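Survey of secondary and tertiary structure
For reference, the chains in residue letters:
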Amino acid sequence: MTPSFEAPDLARRVEAMNEQQRDALPFGVIRLDAGGVVRIYSRTEAALSGRKRRPTIGLDFFAEVAPCMASPEMRGRVEAAKTRGSVDVEIGWIGDFADAEGEIRIRVMSAADGGLWLFMHRDAA
Amino acid sequence: MESGLSPPKPWGTGARNEGLRIDIQRETAPGGADAPPPAAEVAYAAFEHASQWRMLALALTKASRDCVKLVDLDGRVVGMNSAAQRLLQIDDPGQLVGRFWETTWGEPERALVRDSVERGKAGQPTSFSGFCATAKGEPRWWEVEVAPVPDETGVVRCLLCVSRDVTALREREQEMQGALKRQRQALLTLSADFDANSRKLRDAEARVWHDDKMRMLGRFVGGVVHDFNNVFAAVHGAARLLRRRVTEPQALDVVNHLERAAERGAGLARQLLDFARSESESTEVFDPAALLSRDAHLLRHILSGEATLTVETAPDAWAVLGAPQRFQSVVFNLVANARDAVRANGRVEVKLENCPSSARPPGLEAGDYVAFSVADDGCGMTPETLRRAGEPFFTLKPAGKGTGLGLASVFELAAACGGRAFIESEVGVGTRVSVYLRRSAVEGEPVNSAGEASLHGGAKILLVDDDPLTRDHLADVFRALHYVVVEASAYEIAAAHAEVEGGFDLVVADFDLKDGRGEALVAELRAWSPSPPMIFLAGGSDAPPPQDETVLMKPVSETRLARATLEKLGRLPGAFASPAALRAVERIEARIQDEAMKRAMAAWRAHVEATQRIPTLDDDGPWREAPPPLGYVVAVVGAGDDPELRFERVGSELSARLGRPLVGATLAPGDEQVLGDVARALHRRLDGSPGYRYTRFALGDGKVSLVERLLLPLGDADGRVGRLFGLVAFNEATAP
């Protein structure tokens, strides 16, 4: 069964999925390794964020994929949470991007290997 | 290359080129042998040597601005002038020289070229026009003259081909033709509209003529009916006096009779008065339920205790656009009819309720209606009577009891209000008359623009609506605000007006056109150059209203329309909360957890919904008082796209958390260092929409922390976003 974006054990359930299953999720999935490098970039995320191909494997996420989120606040929050190992941080914005009424939610959860899962949910207007 | 003519072989070696001279003579002197020699001939006569002729030919060719080429008898280009190189956009003459001329043209023109070459070889000059792109692929239209060039013995040696670039001319011509075509179409459409209106006028004239008899009667009745009323009042008064003094049963019976007759006479007088008055009635938005409730006790009086009357009105009944006096008159007539039909213990029911489009009876156009009915359990009508019911002056009542105008006026009312009337009747069971009146597309609230009156007027508005009643009413509203209004009843007519008149400052259009072409109209309006500001009225059909446009849902209040007009004309910048902003509010309200924040959002929303404007600092809300501990107010300083944002008030706890005073500090866009992404978020609010962000931390330490931030734009006196109100909330809960 497809886990919902709000599921408490979302990271664990996505971890158990294969690429095809991850690509079929209604929200985007990104996995950063312990060094902050993108290792997984789901098709939904590529489609929703406007990147058609998957050229981002191996790129620094904040610097090259989503520079608009590279605030010290955001970086610091993610870094501090990573060291704890059991991170579950959810950030939501309404009306803070070009789409005045759209909503973006991001959930950051610890991955089993010390990296992070990022789940991106978009509600367009 | 500055080349002149570069012939591969000489063609004019004789001392005098008689052939050329004769040619020119033929062309320029058709006057006959006696005519004086033309100037050209005199000039040519000065050249005695072939070399001079060659120089003249070279000079002429070089001076020509046309594309001049020499083509040999095989059809190959053997030379050209510098203009040819330029016009054909050829870098190297080798691209053309040596090629078959025909092959430089496109397929459709090749036969023409071939023919010209053949005829030229036979000594016949020709011309044609055709299309041929330049070497660089630019489209060009050419007028081509092909002239044979004979030697001194008269044998054609080669062909002189002169092509003139007529592209600009042709484009202008096509443009003109296109414009003419559009104008002609527009005029045809307008004249068809005019014809339709003339026909309507003729029909109306015919109707007026037909109704003249009734109106004459109306005027006559109106004149004398007051006197009758006085007579009836006197009779009624006398009857009441007599009742007090008479005790004898038989005499009492007579008095009762007298009293009833006087009442009936007064009722009849009223009916006739209503009819007579119908000439001066005005069309307005009215609340039929309110009128009915107000008149209920008068209706009971009509029944005079002969039958029971129930009046039932839906409390949320919609408004109707029409003549309220006529509505009242129709109700009285129907109740009077019912009274005459029922027996002593009969029942008359008057009912008024909303009839949404989905529940409307067959035969009515799509749309919402207000349905009112008068039903009785009286004698009913035979099918024959039912067929004739509604004809003016048709009545089955005894002479003196009815005018035959009652049902006719019911049908008239229904038609005038864009609806219909239905009669069901069965002998011995009763009659029900149901009248469906179209729900008004406009709310009755009059324009309340005391402070804005001076901002209105001085603009030309194109009003598109296929419902004549609504269109007339809206046109009146705009004209009262001193606008110039051009009305169009259909998509084509709107387009035609735009073509012929152009220059509209605003288009107000009904999106639910009955021909289903609302979307085509939107597309057409968007294609206009420049595209005018637009306001759409929608809500009467299932079609989704146009995105990214100002859409006012029906019924639209006149105040709202007037304000939207000012907004669209750019006279109230930023005053309006956009539909997108209101949708954002819904999303934000679904997410907010903090109670104080919920209240702030609700106060902002309530103000916007009540006034269509964003609140100012002085309007009711948590921004009005000293800011809450975690609240702040930012002033927008300066105009333009990139104003400065300056902290004006900052709550105590917020200052404490930041560890420094913020009041007076300014923020620039992209100033991410000061407060994270708040600078960008604040700048986003300048469009009048609210913004919200939350961060929920569940870090495996048994607690869930929630940080929320709400930013609300506030208006200033000019209706611009002048301030921003921010609220931060920190809440913590035990992890589940």
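Residues numbered from 1 in each chain as written. Chains lettered and ligands numbered in written order. Predicted model: local features only at pLDDT ≥ 70, side-chain atom pairs only at ≥ 80, totals over all residues.

Further remarks concern the overall build of chain B. Along its length, chain B carries 20 helices and 25 strands. Buried residues in chain B amount to 34% of all 736 residues. (Helix = DSSP H or I, 4+ residues; strand = E, 2+ residues; numbered from the N terminus. Buried ≥ 20, exposed ≤ 12 C-beta atoms within 10 Å, placed from the backbone.)

What follows is about the sheet that holds strand 10 (residues 369-376) of chain B. Residue and element names in this part refer to chain B. Spatially, 7-9-10-12-11 is the arrangement adopted by the 5 strands of the open sheet, whose pairing is mixed. Among the strands making up the open sheet, the edge pair consists of strand 7 (307-313) and strand 11 (420-426). For this sheet, the mean angle separating the axes of adjacent strands, direction not counted, is 10 degrees. With 7 bridges joining them, strand 11 and strand 12 (residues 430-438) adopt antiparallel strand pairing. Opposite A421, over in strand 12, you have V435 as the bridge partner. Contacts from helix 8 (residues 288-303) reach strand 7, strand 9 (346-355), strand 10 and strand 12, with the element oriented near 175 degrees to strand 7. Sheet contacts for helix 9 (residues 324-341): strand 7, strand 9, strand 10 and strand 12; angle to strand 10, the most-contacted strand, approximately 25 degrees. (Pairing = 2+ DSSP bridges. Axes fitted to C-alpha atoms, helices over the stretch in contact; angles between N-to-C directions. Contact = placed C-beta atoms within 7 Å.)

All names here are of chain B. Strand order in the open sheet formed by 5 strands is 2-1-5-4-3, with antiparallel pairing between adjacent strands. For this open sheet the edge positions go to strand 2 (77-80) and strand 3 (126-131), each flanked by a neighbour on one side alone. Direction aside, the axes of adjacent strands within the sheet are offset by 25 degrees on average. Sheet topology note: the strand 3/strand 4 (residues 141-150) ladder contains 6 bridges and is antiparallel. Opposite G130, over in strand 4, you have W142 as the bridge partner. Sitting on the sheet, helix 5 (residues 107-121) is in contact with strand 1 (67-72), strand 3, strand 4 and strand 5 (156-165), with an inclination near 160 degrees to strand 3.

In this section: the environment of A:L25. All names here are of chain A. Turning to its location among the elements, L25 is positioned in the loop between helix 2 (19-23) and strand 1 (28-32). The sequence separation of L25 and F5 amounts to 20 residues, and the corresponding C-alpha distance is 9.4 Å. Among residues more than four places away in sequence, those in contact with L25 are T2, S42 and T44.

Another aspect to go through is the nonpolar core. All names here are of chain B. If you look at the biggest cluster of nonpolar residues, it comprises 85 residues, and the most contacted ones within it are V335, V370, V410, V435, L462 and A494. Broken down by element, this core gets its largest block of residues, 8 residues, from helix 9. Split by domain, this core shows at least three residues from each of two domains, domain 2 (189-432) and domain 3 (442-568). Discounting residues that sit within four places of it in the chain, V435 has contacts with F372, V410, L413, A414, G419 and A421. In this structure, A600, V634, L645 and L710 belong to the second largest nonpolar core, which totals 37 residues. (Core = buried A, V, L, I, M, F, W, Y, C linked by C-beta atoms within 7 Å. Domains from an automatic or database assignment.)

Residue and element names in this part refer to chain B. Counting buried positions along strand 10 yields 6 of 8 residues, so the element is predominantly enclosed. One ladder, built from 8 bridges, connects strand 9 with strand 10; its direction is antiparallel. Note that in strand 10 the partner of C355 across the bridge is Y369. Bridging between strand 10 and strand 12 involves 8 bridges; their strand directions are antiparallel.

All names here are of chain B. With respect to the secondary-structure elements, L699 resides in the loop between strand 23 (691-698) and strand 24 (703-715). When the 18 C-beta atoms within 10 Å are taken as the criterion, L699 is described as partly exposed. Sequence separation of L699 and A735 is 36 residues, and the distance between their C-alpha atoms is 9.5 Å.

Further remarks concern unusual backbone geometry. Residues and elements named next belong to chain B. Despite not being glycine, Q89 shows a phi value in the positive range, around 55 degrees. Within the element layout of this structure, Q89 appears in the loop between helix 4 (82-87) and helix 5. Residue classification places Q89 among the partly exposed residues on the basis of 14 C-beta atoms within 10 Å. Phi is positive for H482, which is not a glycine, with a value near 70 degrees. One can find H482 in the loop between helix 12 (468-480) and strand 15 (484-488). For H482, a count of 11 C-beta atoms within 10 Å corresponds to the exposed category.

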